Amino acid sequence: MIQTRKRERLEKSNQEQAIASWINYLNSVRLETLSRTLNAQDTNLEKAMSTIDDTFNTIKDEIIIRNRGGEKGMHGFIAEIAECGIGNARREIAGKAPNYIWVNDNGPADLIRDGIEIQQKFVNAGNHLSLQAIKQHFEAYPWFLSTGRKYQIPQDHYEKIMYLLSIPEEQAYKMPTSNSEFSLKQWKEVHSFFEQGDIRVSDIEPSQLSYKAVQKGVISDTLKAEKTSLKETDKALRKQAYAKSKPTIAEGIKATSTAAAFEGGFTFCAAIIRKIRDGKQIKDFSTDDWSEILKESGVSFAKGGVRGASIYALTNYTATPAAVANSLVTASFGIAQQAHLLRIGSISEAEFLVNSEVLCVDVSVSALSSFIGQAVIPIPVLGAVIGNTIGTLMYQVAKDSLKKKERQLLERYLREIEQSEKQLDKQYREYVNRINSELKQYFMLLESAFAFDIKDAFSGSVKLAQYVGVPLEDLLKSEEEIDDFFLN
């Protein structure tokens, strides 16, 4: 009977530590994911910054220094390179592969994005919003839009076009006729361009840059601003990763329900096995037997829920390891039970104190064993269970041999702890005072060994060497000894 109780207690302890280890595993998975994400983001940021630097170097070496395109056409080449560099960097900061290619062959397409050829037109002459430049290109290459190719214009030009297209005719005739940011003449030109039907609005897209941003004297500031923007994006992505790594109500509910089901199911099976060991077959279980099993299972189900929720909260919202959190919950249940027995007069005050103390020692050993097991056997859950089994069995042997003298041992143990505490405190103070004295002397010698005066430094070095244990005969203590050592 005693062995049966020991086995059941051990099985119960294993089951409790398994729940704690599983919840700890859930927590560690989230933290490991966060760590991997942040490490990857370091690489993403480095790539994006490098891409912007390479973009500026290409613009400087290939366009500005060579004066490619001249003063009037240079910005067009700058826009092509900048569009590719900024587009690729914005993908790289998010961990995606670059998808822009600068064609650089003076052909019908200036760049390629995801396999789609794009012709850029950054033309501000005549305030035509780059539309006339598109028209001229399309007349030269009437097949250009046949397979999904795109025209790309400055972002500010595209926004103005979309605004003018949104204005109804009656409102347009109230606009200035010319010489204004938005004029009736411009409205007519935009509407006439798309009403011809050769080029649709969907064939044109906005660049990531405005017309002004790609000018020779501005592009450096544009790319610097882009680097700042990328860093802000990087911060936002890191915040998102951190937010995802935080404990959630959903995961807490999962831990609670799983722990409840696990503990309740374990108790249900254990209760049935216990009755079978007593000589009953399942078919012979009475209504009272099933009632007892279900009642016991229900209590364990509730305890499991409390255990799961408590461990999840303690491990995630306080600096409490899972094994310790489980021990706290287990001790709380046990002490609450002892308090109930004390209230109904089943145990005395002394028994309450002793039982509670032993219970706390039990769960402490269980927690310590789980720590050791998890360190030696790094498989989630399994390491904690095996470690707990070994530690609990070892402790059980020692506890059984001391059981008869429990009260006397506890009293003597408390007195010994008090005496040891006083003695250790005295020794600790003596050691601290001695260390402080030694350190003071050491720093004085160290200061003299590094004195500004060479003679004082030499004398101090000799004293310092003697202090740290260098034999006197191995030291060079005078100029004569130094000359003799190096010259002879």
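Note that this is a predicted model, so its numbers are computed, not measured.

Next up on the list: the packing of helix α3 (residues 131-140) against helix α6 (residues 184-195). For the pair α3 and α6, the least separation of the axes is 11 Å and the interaxial angle reads 25 degrees. When the interaxial angle is binned, α3 and α6 end up roughly parallel. At the point where α3 passes α6, the crossing takes the left-handed sense. Contacts from L131, Q132, I134 and K135 in α3 reach E189, V190, F193 and F194 in α6.

Attention now moves to the pattern of salt bridges. Close approach of charged atoms allows side chains with opposite charge to pair. Evaluated as defined, the whole model comprises 10 salt bridges. R66 serves as the salt-bridge partner of E62, at 2.9 Å between the closest nitrogen and oxygen. Here the salt bridges share partners, and the residues they tie into one network are D42, D234 and R238.

When strand β3 (residues 116-120) meets strand β4 (residues 150-153), the two strands line up parallel, connected through three bridges. For I118, the partnering residue across the bridge sits in β4 and is K150. Note that the unit made of β3, α3 and β4 has a crossover that is right-handed. One ladder, built from three bridges, connects β4 with strand β5 (residues 204-206); its direction is parallel.

In this section: the layout of surface pockets. Empty space left among the atoms is revealed by rolling a probe the size of a water molecule over them. Taken as a whole, the second largest pocket spans an internal volume of roughly 300 Å³. Contributing to the lining of the second largest pocket are 20 residues, with G76, F77, E80, D110 and Q120 lying nearest its centre. Sorting the residues of the lining of the second largest pocket by element identifies α2 (70-92) and β3 as the ones contributing at least two each.

Take V218: it is sitting in the loop between β5 and α7 (219-245). Setting aside chain neighbours within four positions, we find V218 in contact with K212 and A213.

Bringing the confidence of the model for the chain into the picture now. The predicted model of the chain averages 75 in pLDDT, with 59% of residues at 70 or higher. Looking at the elements of the chain, mean pLDDT is at its lowest for helix α12 (residues 382-401), recorded as 43, and at its highest for β5, recorded as 97. Note on residues 374-407: pLDDT under 50 across the span, and 47 contacts to partners over four residues away in sequence or across chains.

The geometry of a pair of packed helices is captured by two quantities: the angle between their axes and the separation between those axes. In contact at an axis separation of 9 Å, helix α4 (residues 155-166) and α6 are set at 90 degrees when each is read in the N-to-C sense. Considering the angle they form, α4 stands roughly perpendicular to α6. Residues I161, L164 and L165 of α4 form the contact with α6, whose participating residues are Q186, W187, V190, H191 and F194. Class assignment of the residues belonging to the contact of α4 with α6 gives a composition of six nonpolar, two polar and no charged.

Below, the discussion takes up the sheet that holds β4. Across the sheet, which stays open at both edges, the five strands sit in the order β1-β2-β3-β4-β5 with mixed pairing between neighbours. Every interior strand has two partners, whereas the edge strands, β1 (100-102) and β5, have only one. Sheet twist, expressed as the average angle between the axes of neighbouring strands with direction ignored, equals 35 degrees. Contacts from α2 reach β1, β2 (111-113), β3 and β4, with the element oriented near 155 degrees to β1. Against the sheet, α3 contacts β3, β4 and β5, and its axis sits at roughly 155 degrees relative to β4.

For the rest of this paragraph, the subject is α6. When the terminal C-alpha atoms of α6 are compared, their 16 Å separation across 12 residues agrees well with the 16 Å that a helix rising 1.5 Å per residue should span. If you check which residues of α6 are buried, you get L184, Q186, W187, E189, V190, H191, F193 and F194. Just past α6, the residue G197 takes up positive phi, approximately 90 degrees.

Okay, the packing of aromatic side chains next. Summed over all chains, the structure comprises four aromatic pairs. A ring pair is formed by Y141 and W143, whose centres lie 5.7 Å apart and whose planes are at 80 degrees; its orientation type is edge-to-face. Given the relative accessible area of 27%, Y141 is considered partly exposed. Residue classification places W143 among the partly exposed residues on the basis of a relative accessible area of 40%. Judged by centre distance (6.4 Å) and plane angle (50 degrees), the ring pair of W143 and F144 falls under tilted. Among the aromatic residues, those joined into a cluster by ring pairs are Y141, W143, F144 and Y151. The ring of F77 is capped by R68, whose NZ or CZ atom sits 4.3 Å from the centre of that ring. Directly above the ring of F144 sits R149, whose terminal nitrogen or CZ lies 5.7 Å from the centroid.

Quick notes on the rules
- Residues numbered from 1 in each chain as written.
- Predicted model: local features only at pLDDT ≥ 70, side-chain atom pairs only at ≥ 80, totals over all residues.
- Heavy atoms only, no water.
- Axes fitted to C-alpha atoms, helices over the stretch in contact; angles between N-to-C directions.
- Helix = DSSP H or I, 4+ residues; strand = E, 2+ residues; numbered from the N terminus.
- Parallel < 35°, antiparallel > 145°, perpendicular 65-115°, else oblique.
- Left-handed = near helix turned anticlockwise from the far one by under 90°.
- Contact = heavy atoms within 4.5 Å.
- Salt bridge = Lys/Arg side-chain N within 4 Å of Asp/Glu carboxyl O.
- Pairing = 2+ DSSP bridges.
- Right-handed = clockwise from strand over helix to strand, strands pointing away.
- 1 Å grid on protein atoms, 1.4 Å probe; cavity = no way out; pocket = protein on both sides within 12 Å on 5 of 7 lines; lining within 4 Å.
- Points joined across faces, edges and corners; volume = space filled by probe spheres on them.
- pLDDT = per-residue confidence, 0-100.
- Nonpolar A, V, L, I, M, F, W, Y, C, P; charged D, E, K, R; others polar.
- Expected span 1.5 Å × (residues − 1).
- Buried < 20%, exposed > 50% of the residue type's maximum accessible area, 1.4 Å probe, protein only.
- Phe/Tyr/Trp six-rings, centres within 6.5 Å; stacked < 30°, edge-to-face > 60°.
- Lys NZ or Arg CZ within 6 Å of the ring centre and 35° of its normal.

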